[in-house]
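Working through the structure, step by step
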Amino acid sequence: MPKNIPMVKVYILGEGFDVPEGSTIITAMEHAGFQLTVGVGCREGFCGACATLYREKDDYKLQAGLACQTVVTDGMNIAQIPFVPAEKPIYDINKVNPDIEAFKTIYPTLFRCVGCNTCTKICPQDIEVMDYVQALIRGDIAKAADLSFDCIRCGLCALRCPAEIVQYNAAILARRLTGKYLLPKSQDLEKRVKEIAEGLYEEELQKLTKSNTKTIKKRYYDREIKTG
Amino acid sequence: MYPEYMRKSIRNVEKTRHERLKLARSGKAIFPMMSAEERQGVLDKFHPDYKKDARKKVRIGPNKGENITTKVVDQLEAYSRIKPEYFDLKHPDYETDVLVIGAGSAGFSASLLASENGADVLLVTKLRIGDSNSMMAQGGIQAAVCPDDNPMLHYLDVIGGGHFDNKPDLVKALVSEAPDAIHWLQDLGVMFDRNEDNTMLTKPGGGTCRPRMHSARDYTGAAICRTIRDEVLNRPDKIKILEHQPAVELIKDDKGNVAGAVLYHLENRNYYTVKAKATVIATGGFGRLHIKGYETTNHYGATADGLVIAYRAGANLLYMDSVQYHPTGAVYPPQILGFLCTEKLRGLGAQPVNKNGELFVYPLEPRDIEASAFIRECTERDLGIKTPGGQVGIWLDSPIIEKLNGPGTIKKDLPAMLRQFKRFDVDITQDPILVFPTLHYQNGGIEINDHCETKVTGLFVAGEASGGVHGRNRLMGNSQLDLIVFGRRAGMYAAQYAKKVKTGVLTLSHITEYDKEVEKIGVDKKHISPMVLPDYTPASVKERQYTTEYQGTLR
């Protein structure tokens, strides 16, 4: 590592380590010598495995972020939350109706929401978590699905919720019900699936698989390109 | 925020934007597409695969004598992590009908279909379930659904993109099951983007002749993966899950069939044995090998484990001389070096331009061609932009997306990209993104037939770990499709096979035999595989680890 990179001090589980300025929490921990086996996943902010609580220097506030997406600051105190032991109810999606009754049965804790907004404040994806909880309480499943769309299941909302709601699991049910029942069906898709099931393209595809490379190459370079 | 000297170059991009916008609105190609000869020329000269030290001959195993990507050969020519004599195979720790290794979308699809075909499933994974490359895919999933599209056109795109090396019956399965895959996912609850008239929103991708990319904003992979993960979690009576326990070897029986695996628990460091009637490898690819020193878009566990253990068990590899570099990896700011900038950006009209703001390539060539053109621009032509950290890249003009599609398009269709850059103080609705090719995908893999069977009976493979579907270059949106089509097939055929097979006496003798071959070619005893996790411990820390033993990359 080049010598001229300025260092900052971070505290991992209370112990201080000097790490290069500009490190993310993950790379800072690795620089400090931690070989991570949990609390790490995609490293690009999509899987939610690296939820982390931290407190900045001279601040009383506990903040949260994804370790792979948060740049360390001098004096930062860090603790990772690699797993959230929250409830995951079991259901058969084919037997769940897309209505408020489903949520009353499967996620009754939703209705205990006190409207404190802690979930929204802690969400590292900046999702309006409380708003989608409220949408579910009103029975507006499509709205909840839309608002929660960018959820990566890090679990921080559930951890901080004083009403013991498992927001992120309720959200996946809302999205599945929306995708399955509430979004309009595409006629083109239904039609194409039926055509294929009836074997409409079978013969031509068979012919393609048997064609020699010269024929295929010609067809490939001659094909018409339509972009819109 | 970009430093002032980079701002200067951004002003060049802004200067040419108006003319480029007019070009894009004309409906014609904004830059001429390359002919077959031009494509070969740019690949030969600039693609990392075509460099001298990119490949070497593998000296042992089923592909002995073949040229394979150098860092992959290093994984294949290595000793096993285990000593077979330690294991009491008469008393396996777990028994199941179908063992699925890997918990991304291919593993989930396989588990679901295996369970629906009457099998008990054990799903094992190195990280948490769902922490996978599947979850990180952004842009889309291909299926020929639009009225002026059809499976034959999809077939031609796949095989042309793959340099005509793809296995025809695999391509046929991929394209003909694509619409049903979308239908299946929708029925499980994936929220695909719609047009205002309720038809499916479809966009073009690199190398496609029709707009065929179905998307779920730019969280397409996540939308798919988390939906089918939820379905897997809803079937605890049929699908058991073990997390943080990667498979580090396959187990065979005395008939030579694959009959389970050895797992290594990353927390308590115990080994566990699984006896399975059928085994599905869905372990993904190899980005964390950092081939040719490239940064990668891949997740932490992408270390080619499945490839290595299948090879030791006798399965052959196909097209493992070919590596996919995604044209648009982030170059700046340094915290997101190598991160994926989805091809959907270009699908929505973003244009690659050099430091002078000039176009130099058709934006949607197949990935290997596009990536090579970027490298040419940054090396031979020296028209790239250098970062303060010493990297070089070209601009991807993202603000033009909103000029083309209306304000708010980026927030609506690319929320992940917007968020990713905003976290590091870059607003992609206002400023372009600096990009350079990044290690993205394993084009080849363990050779399969259209039942996902390998050369070794009892071993099935699906997804990125398999080879043949994409030839030597995969197109955007065909990986997500591959996971579903071949994941489902692997699960179904594995369950059918499990019903009729009689598993014999378990053995790990193939490991002993393979290790002897490794010894014969004089490999250092310390060299072991699979890698399991990359080692990012700095040398300054290792210097003081006086009493620490490393088994490969693991302490």
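Refer to the structure printed above.
In this report, the structure presented in the accompanying data block is examined. (Residues numbered from 1 in each chain as written. Chains lettered and ligands numbered in written order. Predicted model: local features only at pLDDT ≥ 70, side-chain atom pairs only at ≥ 80, totals over all residues. Heavy atoms only, no water.)

**Looking at the overall build of chain B**
Summing up its helical and strand segments, chain B has 18 helices and 23 strands in all. The C-alpha atoms of chain B give a radius of gyration of 23 Å, which matches the 24 Å a tight globule of 555 residues would have. For chain B, the spread of C-alpha atoms along the principal axes amounts to about 70 × 55 × 40 Å. Of the contacts formed within chain B by residues at least 6 apart in sequence, a portion of 73% connects residues at least 24 apart. Roughly 18300 Å² of accessible area belongs to chain B as shown, and the carbon and sulfur atoms make up 49% of that amount. Each charge sign in chain B was given a centre, from 72 positive and 69 negative side chains, and these centres are 2 Å apart. (Helix = DSSP H or I, 4+ residues; strand = E, 2+ residues; numbered from the N terminus. Rg over C-alpha atoms; globule rule 2.2 N^0.38 Å. Contact = heavy atoms within 4.5 Å. Areas by Shrake-Rupley, 256 points an atom, 1.4 Å probe, with all protein chains shown as cover. Lys, Arg positive; Asp, Glu negative; His and termini not counted. Charge placed at Lys NZ, Arg CZ, Asp CG, Glu CD.)

**Describing the environment of B:L359**
Residues and elements named next belong to chain B. Tracing the sequence through the fold places L359 in the loop between β15 (351–353) and α12 (367–378). L359 sits in the buried class, given a relative accessible area of 17%. As a C-alpha pair, L359 and V13 span 346 residues in sequence and 9.8 Å in three-dimensional space. Excluding anything up to four places from it in sequence, L359 contacts R20, L23, I30, F31, Q351, P352 and V353. (Buried < 20%, exposed > 50% of the residue type's maximum accessible area, 1.4 Å probe, protein only.)

**Observations regarding the sheet that holds strand β1 (residues 7–12) of chain A**
Residue and element names in this part refer to chain A. Strand order across the open sheet formed by five strands is β2-β1-β5-β3-β4, with mixed pairing between neighbours. The outermost strands of the open sheet, each flanked by one partner alone, are β2 (15–20) and β4 (63–66). Neighbour-to-neighbour, the strand axes of the sheet open up by a mean angle of 35 degrees, direction not taken into account. Pairing of strand β3 (residues 51–55) with β4 involves four bridges; the strand directions are antiparallel. (Pairing = 2+ DSSP bridges. Axes fitted to C-alpha atoms, helices over the stretch in contact; angles between N-to-C directions.)

**What about the packing of helix α8 (residues 178–188) of chain B against helix α16 (residues 478–500) of chain B?**
All names here are of chain B. Across the interface, α8 lies against α16 with an axial gap of 10 Å and an inter-helix angle of 90 degrees. In terms of their interaxial angle, α8 and α16 are classed as roughly perpendicular. In this structure, α8 contributes A178, D180, A181, W184 and L185 to the contact, and α16 contributes L481, I484, V485 and R488. (Parallel < 35°, antiparallel > 145°, perpendicular 65-115°, else oblique.)

**Some points on the state of the cysteines**
Residues and elements named next belong to chain A. According to the stated counting rule, one finds zero disulfides over all chains in the structure shown. Looking at C42, it has no disulfide partner, and the nearest cysteine sulfur is the one in C47, 4.0 Å off. For C42, a relative accessible area of 1% translates into the label buried. (Disulfide = S-S within 2.5 Å.)

**Digging into the side chain of B:T387**
In this structure, B:T387 sits in the loop between β16 (385–386) and β17 (392–397). With sequence-adjacent residues up to four places away left out, B:T387 is seen in contact with B:Y5, B:V331, B:Y332 and B:L434.

**As for the pattern of salt bridges**
Summed over the entire model, instances satisfying the criterion amount to 53 salt bridges over all chains. Ionic pairing is found between B:D157 and A:R223, a salt bridge with its closest N-O pair at 2.6 Å. Taken as a pair, B:D157 in helix α6 (residues 151–161) and A:R223 in the segment after α10 (213–222) lie in two separate chains rather than in one. One salt bridge connects B:D397 with B:R17, and the closest N-O pair in it is separated by 2.9 Å. Of the two residues, B:D397 is situated in strand β17 and B:R17 in helix α1 (residues 4–25); the sequence distance between them amounts to 380 residues. Taking the relative accessible area as the measure of exposure, B:D397 reaches 0% and is therefore buried. Each of the salt bridges in this network shares a partner with another, and the network as a whole consists of A:K88, A:R176, B:E116, B:D230, B:E231 and B:R235. (Salt bridge = Lys/Arg side-chain N within 4 Å of Asp/Glu carboxyl O.)

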